[in-house]
Structures are given as structure tokens and as C-alpha cells.
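# Observations on the model geometry
Take a look at the letters that make up each chain.
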Amino acid sequence: MPPNLQTQQQQNLDDDSDSNKSTIASDQIDTEASGRKSSTISNTMNNVLHPQRRKKQSSLRWNKKVTNANCLRPLVSVAQEYAWGRIGSSSTVARMKEAADLTFDLDEGAPYAELWLGTHPSGMCSVIVPDSVVLSLNQPESHPMEVDATSSNNNEAADDCRSVSLLEYVQSDPALHMGHKHEQDLQFLLKILSVRKVLSIQAHPDKRLAEQLHAIHPNVYKDDNHKPEMAIALSERVRAMFGFRPLDEIAQHLQEYPEFQRLIGPAATEQVLQVTNRLAARSAQKQQQQFQHHGLFHSKSKDEAEDEEIEQLVKTALRNMFHDYITAHDDTIRQAVDDMLLRLRTISDNDDESNSRPSTPTFLEDVPKLMFQLHEQFPGDCGIFAPLIFNILQMSKGEALFIDANEPHAYISGEIIECMACSDNVVRAGLTPKLKDVPTLVNMLTYKTCRPETTFGEAIDSCTTRYIPPVQDFCVEQIVVPANARYEIANVNSPSVLLVIEGDGKLEQERIVSLPVSFGVSTFCSAGTAVTVIAGEYGMTLTRACNNVFYG
């Protein structure tokens, strides 16, 4: 059946970004047709996620002549099976892999969790290249080369092409493929996630901690690199837990859920409640100061010192609470879970309108339901109480969340585009059968409280939406080309990976290469080379990942 193609971006054309625009055939798409602004959320998050002034596009246009040595190449992705993945063909990961790789045998009973596109050793991509390119990069130009990108082994030209690792390919000529002769590896890793069961309560170490963990436990923490990441909702509904709730919400839950209060003990409970009261008093004091000293001078240094003191008290209270919670004895946790679920079931059975039911704000009504869901997936696990202390958020298609190092999170459900620094370091402490490293997680977290901030990206033109995180390692673009249209993806001084999300058509580079592509097909694009998208009758949606040349 024809794929559903999104022909309109949720964000609209920013007419002031001419220097950043890619080009599109004017007889097919009127790029000046809309002068609407990006959404308020997007504008707000642009300031949060990349407060520094972005480089001008003119400084990024590193045009390189496309030859048979550096033209677009088909990639062979790697499908990973983890217990939390969606089963069989219900997984976008499985369907993408099957559609793009004729050698892939989809198992309807297997949990297909992640599709990897990059050079990480745990999921190294392959690239399809002609034998002559592998042997010599300085071959003469020839007629346009058309390759069936849906065949991982390029069966129709098996005598002329072969598969090599993407790392081997880029290292054969770093200056040509990476944009710099000293760059030997991709900085980013692009993934698709298909989440059926909740992922572990986890965080990723910063660069310094990653180096330390790798040196001490190289078999567990196999990378010395940090792993900031961005999750972009691919399905209409993606749910996750992220970051510690504001302290007053946690204090409220301690009062409403006595089982959790017993779990962390009286000392941690009292500390959280006392600091919450201190926060409330400070907030009231600041409001009174604004009223009394409106337009008058008062000491900011004293206020700032008090605010810093309270901030440190909050972090200490959260750390002590989290430590006592996550290190509680398994028997104590199971008893607390059983008591809580029994109480909630009794309340629900007795009277749906009972006043004794935990009174929570509207956006927290999901908490009891989620805890029951977590119990079904991981009976008696400490992570069942996680919704009481972590924010729960739901993202719609195209909405993105940046997750920095040392911040707790767990995806709950949905299909996700995920891009990150090239690392697979994960520190876990609950909701997982895998190794838990509780002491490291307790020590590494920032213990910041927050309201999760999301973004729908920045509309670059009528086709491209760009997601710019506050790190140099990666950037993501969503490119939606209408039916039968041509669109040029601008070159950047970075290697790129392209993945077709919906639709079909061709990717071309001058008269050198023309690749038929469709759902699930991925390609590698060498630094400094532009790509022309020729969409089919249903249009085409692509994701591009590259170094974050737009930030800094």
C-alpha cells in the first residue's frame, strides 16, 4: 500500500533564513509562500538548546566536486534485538531492515529494538562500494552509476561491488569523506528505536566520567566517550520519564504514597519536606520583596547567595532520597510495591469517586496507571516507584527532547528517532535484567529539578526542519519533499547519514550517481557534497544526521 506521506511541516518557513536555505525547484514548490513564524515552543527551545550564535551558512558551504570517489553510497544498517523491543513486524526497526536488506530474514517472534547507522563497534554499518573505489580512490569519472540501494549486497552488481565497514571506508581517505584529514571516525550515531517495554532507569556519563569508567571497567563501559542524545518522536505518541520533578511535587507524592515514604525512611522524608517548606518560604519572600522594593535598589548578592544555598539543599535532599530509595533491600521494595498496589486497587474497587484517592494535578493523573504498567513488566522492581520522582512526558510526532549527560531518564513506549554522540555507555539502576551499577548512578547524577523542555525544531525552509542540540557531536534534520518534487540537501563540512522514513524516489549527485531509495534505505554522504532528492508520487521523508556544524 502507498506509504502515508507527510507533505506539510509542522513548522513553517522562516523567511529570514535565506543564508541557511537549501534550494528547491521553484516551479514545484513556492518557498516564499508562507511567512508564518515557528511555534512558540520551538522559539523558546531554540534559545535553550543553542543559546550561542549559530554560524552563518555561508561559512559552512564547503563545496566539493562529486566524483566516483566521494559520491553517495548505500549503507547496510544493523538491527539490534533487546527484550524491550517491539515484536516482529510490529517494530519499525524490523520493517525498515526488511525493506532495505533483501538478505534479512524477519523473525516474527523476535524483539527488534534498535536500528543502528554509524561506526560503533557494537553495530558497525557496512557501505556498498565498487571494487575499484576500494582499490583506488582516484579513478576517472564515468557515466552515472545507478545502484539498487534496497539490496544490502547489491546483488544486481555483485561482480563489481562489495561490502566494507563504514569505518574502513571513511578512514581510506578522511580528508575526502570526513572533511578533515585528522578525523578518523564519525562523531555521531543515528538510531531508530521501537519501544514496547520500558527501558531501564539510566543515565549516560559525561566525557570525564566515561574515560574513568572505561579505564576501570573496560568490559562494562566499552567507550571513553560521553553520550548526550536527542530523541525525536517518530510515532504519534512517545512516552518517557526524564529528570527529577520539582521538589514540591515529590513532597506531595511522599504524603500521598505512604509506601514510598516508608521505603526511603523517616530521615530522607523529613529532609525533603523541610527543604520544600524552605523553598516555599523563599518564594513567598521573593514575591514580597518585589512588591515592597518595586523600582528600588536592594541587595542582589544576598538574594543570590540564599538562592544558591537553597539550590544546594535541594540537590542534597534529592541525592539522599534517591540513594535510600534505589539501595533499599529487594524484600523491602517488593513489600512496599505490594502494599501500594493493593491500596490503589482497593480504592478503585470501592469507589471510583472516593475522596481518599491520591489527589494529584491533572498532568499527574497518569502516575498510578503507569506504576501498574511497570509492575506488569517488572514485578516488584524498585523502578515501579520512579514515576513519583521523575517527570512523565508525552511527545507527539516531530517533538524532540535533548538528554544531556548525567540526567536520569527512561523511554516508556513509542517509535523514536535517536541521535547521539558515538558511544554505548549506559549506567543502569532499575527496570532491567541487565547489570545495575547503583553506586555509579547515585554519584553521577546532577540532581537538578526541572520541567522537561521539548522542541519541534527550527524550520529552515518549507522542506527542512533542523534540531540543534547544545553539543558539537551531532545535529538532526527532518526533510519532507512533496510528491514529484526536486529538492537539494545542502552540503556541510561533515559526513552525513541519510535514512528514508517514508515514501520513495531517487537521490542524485550531479551526473555521478543516482540511487533509487525507499522506506528504510540509508546512505552515506561524504563531507562537502550536496544531494538532490527526487521524490516519487507519494513524496519522500528523510532524516539526516551529521556533525553539529550549526552550533558554537
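Residues numbered from 1 in each chain as written. Predicted model: local features only at pLDDT ≥ 70, side-chain atom pairs only at ≥ 80, totals over all residues. Heavy atoms only, no water.

### Some remarks on the pattern of salt bridges
For the structure shown, the criterion picks out 20 salt bridges. Among the salt bridges present, the one from Arg282 reaches Glu306, with a minimum N-O distance of 3.7 Å. One end of the pair, Arg282, is in helix α8 (residues 258–292); the other, Glu306, is in helix α9 (residues 300–326), and 24 residues separate them in sequence. Across the salt bridge formed by Arg544 and Glu477, the nearest N and O atoms sit 3.0 Å from each other. Of this pair, Arg544 sits in strand β23 (residues 531–546) while Glu477 sits in strand β18 (residues 475–481), and the two are 67 residues apart along the sequence. The burial state of Arg544 is the same as that of Glu477; both residues are buried. Within this structure, Arg282, Lys286, Asp303, Glu306 and Asp307 form a network of salt bridges that share partners. (Salt bridge = Lys/Arg side-chain N within 4 Å of Asp/Glu carboxyl O. Helix = DSSP H or I, 4+ residues; strand = E, 2+ residues; numbered from the N terminus. Buried < 20%, exposed > 50% of the residue type's maximum accessible area, 1.4 Å probe, protein only.)

### Describing unusual backbone geometry
The backbone phi angle of Asn406 is positive, close to 65°, even though this residue is not glycine. Summarising the element assignment, Asn406 is placed in the loop between β12 (400–403) and β13 (409–421). Residue Asn406 is classed as buried on the basis of its relative accessible area of 9%. Non-glycine residue Tyr447 carries a positive phi angle of around 60°.

### Concerning the packing of aromatic side chains
If you walk through the whole model with that rule in mind, you get 11 aromatic pairs. Arranged with centres 6.1 Å apart and planes meeting at 70°, the rings of Phe322 and Tyr325 form a pair that is edge-to-face. Placement of the pair is Phe322 and Tyr325 together in helix α9, with a separation of 3 residues, close to one helical turn. The pair formed by Phe322 and Tyr325 is uniform in burial state, with each residue classed as buried. These aromatic residues form a ring-pair network of at least three members: Phe244, Phe260, Phe322, Tyr325, Phe385, Phe390 and Tyr447. One cation-aromatic arrangement involves Lys434 over Tyr82; the distance from NZ or CZ to the ring centre is 4.5 Å. The ring of Phe550 carries Arg466 above its face, with NZ or CZ at 3.6 Å from the centroid. (Phe/Tyr/Trp six-rings, centres within 6.5 Å; stacked < 30°, edge-to-face > 60°. Lys NZ or Arg CZ within 6 Å of the ring centre and 35° of its normal.)

Everything listed is a geometric property; what it means functionally is a separate question.
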